[in-house]
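# Secondary and tertiary structure notes
Here is what each chain is made of, one letter per residue.
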Amino acid sequence: MIPQFNDQSITVAIVGCGGFIGCHLLDAILTRTKWRVFGVDLDFYRIQHRLNDERCEFMVADLADKSVVERIAKYPIVVNLAAICTPSRYMAEAPEVIRSNYDHPAALADACAKSGSWLIHFSTSEIYGRTSADSDLLVEDESELTFGPVTASRWSYATAKLLTERYIAGLKNLKWTVVRPFNFVGPYMDFMPGVDGSGIPRVLANFSSALVRGEPLKLVNGGVAKRSFTSVFDAVDFMFALFEAELSTSATENAAEKSPLSQAFNIGNPENELTIAELANKMRKIFAEIKGVSVDTIPEPEEVSGVEYYGEGYEDSMRRLPSVEKAERLLGFKAKTPIDVVLRESLEWFVGHYSNG
Ligand code: UDP
């Protein structure tokens, strides 16, 4: 805990404050610091309990509005979490996905460069592209980035996010940090299709929805792709390590070697790597335990082709294993929540929240 966390004059702007990551970050900032928050989003259902907090000001808006962008950039710390990040939309609505993930954050970066704010921009681990099954650790400043052809619109999201990273890194006078989330999971993730969202959410929400509905989990292309799942609570701890590294007095002393500025960081947990088929089986078991039934009563997973499931233009990253050495070296941060704990807390929340869905 650094003294700056008690500084009541600091306001953090959180763009996408009502989303999955934003709602947890908002809670943590209000609990662990005396800071104020300026929160921007279009949907506030996850943060109802904070709407009347005297340390918060909320605005129903998005970054398409230039006056909103300028207003956000008045605050000294700006965290940008806003994005279209529903996989099925990457194929169906590529132009909107690109605008949301490039045009809008680039405008915000311009405004922050002008005002002198520190922009912490959430990018994605998808920028590592079409990785193969035997690809090694993904290292922030070293890994080769390969994407599919332009007709494979799966990569609309990744390439827009990557262009934004490059734009941010190229802006003179911008104080920036880029973070690349590796499959964050936890309570409030995504949505239940047909209940509070449409399209296909990310795998954990989709599997949870199928379990609650008693339907088979769908294994895209056999479920052989691997992901490293990271607790959203670890991600919030990463953010505090980042704040500390930049704001504490000791940071000014060893500014050159330890600064988190002008750096992209993976946030991930390489110890939580699973194939999607392994994930499906773990989730079936945990769900059976939560419900107090035998796992044999839970439908077996079914295989489906990626193109059939997501539409033309779907391709996949076969392995996404983060190097976390940089976050450890510069911030002293390491994710610690094991996979079984992360999955259980996510699924328990989902079952409780949507049991009538
Ligand atoms: N996937 C799956 N069944 C689903 C949803 C996703 O097998 O119902 C697979 C998907 O093809 C990918 C992995 O799970 O290989 C992770 O997909 P997700 O949409 O969560 O995001 P990604 O990590 O690809 O960005």
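In this report, the structure presented in the accompanying data block is examined.

What follows covers the overall build of the protein. The secondary structure content of the protein amounts to 13 helices and 13 strands. What you see for the protein is a C-alpha radius of gyration of 20 Å, in line with the 21 Å of a compact globule of 357 residues. Considered along the principal axes of its C-alpha atoms, the protein spans approximately 55 × 45 × 40 Å. Within the protein, the proportion of its 357 residues that are buried is 56%. Relative to all contacts within the protein whose residues are 6 or more apart in sequence, the contacts with residues 24 or more apart total 77%. Accessible area of the protein: about 15,200 Å², with a carbon and sulfur share of 50%. Of the side chains in the protein, 36 bear a positive and 48 a negative charge, and the two mean positions are spaced by 3 Å.

Let's shift gears to the site of the ligand. Around the ligand sit 19 residues in total, of which Val203, Asn206, Lys218, Arg227 and Asp316 are the nearest. Interatomic distance of 2.7 Å between a backbone N/O atom of Val203 and an oxygen atom of the ligand. Here an oxygen atom of the ligand sits 2.5 Å away from a polar atom, N or O, in the side chain of Asp316. In isolation the ligand offers 510 Å² of accessible surface; the protein chains occlude 97% of this area. Counting residues per element, the ones that place at least two in the shell around the ligand are helix 6 (203-213), strand 8 (218-220) and helix 11 (306-310). Residue composition of the shell around the ligand, grouped by class: ten nonpolar, two polar and seven charged.

Judged by which residues are buried, strand 4 (residues 77-80) turns out to be covered on both faces: Ile77 and Val79 on one side and Val78 and Asn80 on the other are all buried. Across four bridges, strand 1 (residues 11-15) lies against strand 4 in parallel orientation. Bridging from a neighbouring strand, Ile14 pairs with Val79 of strand 4.

What follows covers the nonpolar core. Grouped together as the largest cluster of nonpolar side chains are 68 residues, with contacts concentrated most on Phe238 and Phe243. A per-element tally of this core places helix 7 (residues 232-247) first, with ten residues. Once residues within four sequence positions are removed from consideration, Phe238 is found in contact with Val179, Phe265, Ile267, Ala327, Leu331 and Phe333. Ala61, Val68, Val69 and Ala113 belong to the second largest nonpolar core, which has 24 residues in total.

Counted according to the given criterion, the structure contains 25 salt bridges. Linking Glu126 and Arg320 is a salt bridge whose minimum nitrogen-to-oxygen distance equals 3.7 Å. One end of the pair, Glu126, is in the loop between strand 5 (118-122) and helix 5 (155-170); the other, Arg320, is in the loop between helix 11 and helix 12 (325-331), and 194 residues separate them in sequence. Both residues of the pair, Glu126 and Arg320, count as buried. A salt bridge links Asp190 to Arg202; the nearest nitrogen and oxygen atoms lie 2.5 Å apart. Of this pair, Asp190 sits in the loop between strand 7 (184-185) and helix 6 while Arg202 is found in the loop between strand 7 and helix 6, placing the two residues twelve residues apart along the sequence.

Rules and cut-offs
Residues numbered from 1 in each chain as written. Predicted model: local features only at pLDDT ≥ 70, side-chain atom pairs only at ≥ 80, totals over all residues. Heavy atoms only, no water. Helix = DSSP H or I, 4+ residues; strand = E, 2+ residues; numbered from the N terminus. Rg over C-alpha atoms; globule rule 2.2 N^0.38 Å. Buried < 20%, exposed > 50% of the residue type's maximum accessible area, 1.4 Å probe, protein only. Contact = heavy atoms within 4.5 Å. Areas by Shrake-Rupley, 256 points an atom, 1.4 Å probe, with all protein chains shown as cover. Lys, Arg positive; Asp, Glu negative; His and termini not counted. Charge placed at Lys NZ, Arg CZ, Asp CG, Glu CD. Near = heavy atom within 4 Å. Polar contact = N/O pair within 3.5 Å; in protein donor to acceptor, adjacent residues only side chain to side chain. Nonpolar A, V, L, I, M, F, W, Y, C, P; charged D, E, K, R; others polar. Pairing = 2+ DSSP bridges. Core = buried A, V, L, I, M, F, W, Y, C linked by side-chain atoms within 4.5 Å. Salt bridge = Lys/Arg side-chain N within 4 Å of Asp/Glu carboxyl O.

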